[in-house]
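As a plain string of letters, each chain reads:
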Amino acid sequence: MSNSDELLIKIAGLVESERSNQMSLTVVTSGAVITGRLAPEAVWRERVSQVLADSEHLSAFSGTFVADQEPPPRGRRTPTHLHFHVARILQGTVGIPETGGMYRVAIKDVTAWTVGDFSYSDH
């Protein structure tokens, strides 16, 4: 049984309430380090849907991310996931993908976190 991180849930709740979509966060989950910006779930789903819609081979999955999506009343649902955009998985001194990706991480699986993200330099 995992303990909920109430502070992390509160941060996710503020992002979900659309008070901020610029919150940078770095988390450790299942041994992976993910760094990037958080987005409200609805915004994240729409962006993923757009990327899939533009793909010749994956466009059939696009509707899955936006279908039957009815937002809960504000302040009524406790977030269960973090939705990252412009995010990277840290691998040594490299962040992959270089351009940033879209990740969904269960809050219950986060074992450590810090505010802010990591930048990379070739120098």
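Predicted model, so just to flag it, every value in this text is computed and none were measured.

A. View of the confidence of the model for the protein. Residues with a pLDDT of 70 or more make up 84% of the protein, whose mean pLDDT is 85. At the low end of the mean pLDDT range in the protein sits strand S4 (residues 94–106), at 87; at the high end sits strand S5 (residues 110–115), at 95.

B. Layout of empty space enclosed by the protein. In this structure the tally under the stated criterion is one cavity of 30 Å³ or more. In this model, the largest cavity occupies a volume close to 40 Å³. Residue lining of the largest cavity: Ala12, Val15, Glu16, Leu38, Ala39, His81, Leu82 and His83, and that is the complete set. When residues of the lining of the largest cavity are traced back to their parent elements, those giving at least two are helix H1 (6–16) and strand S3 (81–91). By residue class, the composition of the lining of the largest cavity is five nonpolar, two polar and one charged.

C. Geometry of the sheet that holds S3. The strand order across the open sheet built from five strands is S4-S3-S2-S1-S5, with neighbouring strands paired in antiparallel fashion. Each having just a single partner strand, S4 and S5 make up the two edges of the open sheet. Adjacent strand axes in the sheet meet at a mean angle of 35°, parallel and antiparallel pairs treated alike. Inspection of the sheet shows strand S2 (residues 32–38) paired to S3 by five bridges, in the antiparallel sense. Bridge pairing links Arg37 to His85 in S3. Here H1 sits on the sheet and contacts strand S1 (24–29), S2, S3 and S5; the angle it forms with S5, its principal contact strand, is near 60°.

D. Representation of the packing of aromatic side chains within the structure. Counting across every chain of the model gives one aromatic pair. Ring geometry for Trp44 against Phe65: centres 6.2 Å apart, planes inclined by 65°, an arrangement best described as edge-to-face. Of the two residues, Trp44 sits in helix H2 (residues 41–53) while Phe65 sits in the loop between H2 and S3, which places them 21 residues apart along the sequence. Given a relative accessible area of 23%, Phe65 falls into the partly exposed group.

E. Here's a closer look at unusual backbone geometry. Following Ile96, the chain continues into Pro97 via a peptide bond in cis, with omega recorded as -10°. Counting through the fold element by element, Pro97 comes out in strand S4. With phi around 50°, Ser30 is a residue other than glycine that occupies positive phi space. Within the fold, Ser30 resides in the loop between S1 and S2. One non-glycine residue with positive phi stands out, namely Val86, at about 50°. Mapped onto the elements of the fold, Val86 is located in strand S3.

What counts, and where the lines are drawn
- All residue numbers here refer to positions counted from 1 along the written sequence of the relevant chain.
- Thresholds applied to this predicted model are a pLDDT of at least 70 for local features of residues and 80 or more for the giving and counting of side-chain atom pairs; totals over whole chains, interfaces and linings are not thresholded and use all residues.
- For the side-chain quantities, the full set of heavy atoms in the structure was used; hydrogens and water were omitted.
- pLDDT is a per-residue confidence score from the predictor, ranging from 0 to 100.
- Secondary structure elements are taken from DSSP: a helix is a run of H or I of four residues or more, a strand is a run of E of two residues or more, and numbering for both begins at the N terminus.
- The rule is simple: put a 1 Å grid over the protein atoms alone, call a set of points where a 1.4 Å probe fits but cannot get out a cavity, call an open set with protein on both sides within 12 Å along at least five of seven lines a pocket, and count a residue as lining if it has an atom within 4 Å of a point.
- Grid points are joined across faces, edges and corners, and a volume is the space filled by probe spheres set on the points.
- Each residue receives one of three labels: charged for Asp, Glu, Lys and Arg, nonpolar for Ala, Val, Leu, Ile, Met, Phe, Trp, Tyr, Cys and Pro, and polar for the others, Gly being one of them.
- In this scheme, strands are said to pair when DSSP sees at least two bridges between them.
- To get an axis, a line is fitted to the C-alpha atoms, and for a helix only the part in contact is used. The angle between two axes follows their N-to-C directions and goes from 0 to 180 degrees.
- Whether two residues are in contact is decided by their heavy atoms, any of which lying within 4.5 Å being enough.
- Side-chain rings of Phe, Tyr and Trp, where Trp is taken by its six-membered ring, are said to pair if the distance between their centres is within 6.5 Å; with planes under 30 degrees apart they count as stacked, over 60 as edge-to-face, and otherwise as tilted.
- The classification of residues rests on relative accessible area computed with a 1.4 Å probe and restricted to protein chains. Under 20% of the type maximum is buried, over 50% is exposed, and intermediate values are partly exposed.

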